[in-house]
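# Breakdown of the fold
Single-letter residue listing:
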Amino acid sequence: MKRYPKLTAEVLSPSTKNFDCSDKFADYQQPKSLEEYVLISQDEMRVECRRQVQDENGERWETVVYGAGDRAIFQSIQLDVAIEDLYRGVSLAP
């Protein structure tokens, strides 16, 4: 799993958010096994899923953002989960 990840998830913090969303994502795109890169906000119910897709132009990454009331779908590991379940027990900033 460490050598050939299908999904990588990062919990965003104010000090690492910019790095996680840009340079770190670029590094994670290198292993061809990676199918989804997930960014989880700790300030609000917001999960951003960057997913590798194939289309007529080749491979590209698309972004899907999930919020309160949504169900997040992580295709790479065949998981469909309510956002509220991901945040159960977490105190969000006011």
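Cut-offs used in this document
- Counting restarts for each chain: residues are numbered from 1 in the order of the written sequence.
- Local features in this predicted model are restricted to residues whose pLDDT is 70 or higher, and side-chain atom pairs enter the listing and the counts only when it is 80 or higher, whereas totals over whole chains, interfaces and linings include all residues.
- Note: side-chain values were computed over all heavy atoms of the structure, leaving out hydrogens and water.
- Two strands qualify as a pair provided that DSSP identifies no fewer than 2 bridges between them.
- Labels follow the DSSP assignment, with helices taken as runs of H or I lasting at least four residues and strands as runs of E lasting at least two, numbered in each case from the N terminus.
- When accessible area is computed with a 1.4 Å probe and restricted to protein chains, residues below 20% of their type maximum are described as buried, those above 50% as exposed, and intermediate ones as partly exposed.
- Polar contact is the term for a pair of N or O atoms within 3.5 Å; when the atoms are in protein, one must be able to donate a hydrogen and the other to accept it, and sequence-neighboring residues count only if both atoms are side-chain atoms.
- Residues are treated as being in contact if the distance between any of their heavy atoms lies within 4.5 Å.

### Brief notes about the pairing of strand β6 (residues 79-82)
Pairing geometry for strand β5 (residues 71-74) and β6, over 4 bridges, is antiparallel. Bridge pairing in β6 places Ile73 opposite Asp80. Joining the antiparallel neighbours β5 and β6 is a turn of 4 residues, in which Gln78 adopts a positive phi near 50°.

### As for the side chain of Glu48
Following the sequence through the fold, Glu48 ends up in strand β3 (residues 46-55). A residue is classified by how much of its surface remains accessible, and Glu48, at 11% relative accessible area, is buried. Separated by 3.4 Å, the side chains of Glu48 and Arg46 make a polar contact. In terms of polar contacts, Glu48 uses its side chain to reach the side chain of Arg50, at 2.7 Å. Each residue touching Glu48, except ones within four places of it in the same chain, is listed here: Tyr37, Val38, Leu39, Thr63, Val64 and Val65.

Taken by themselves, the reported measurements are silent on function.
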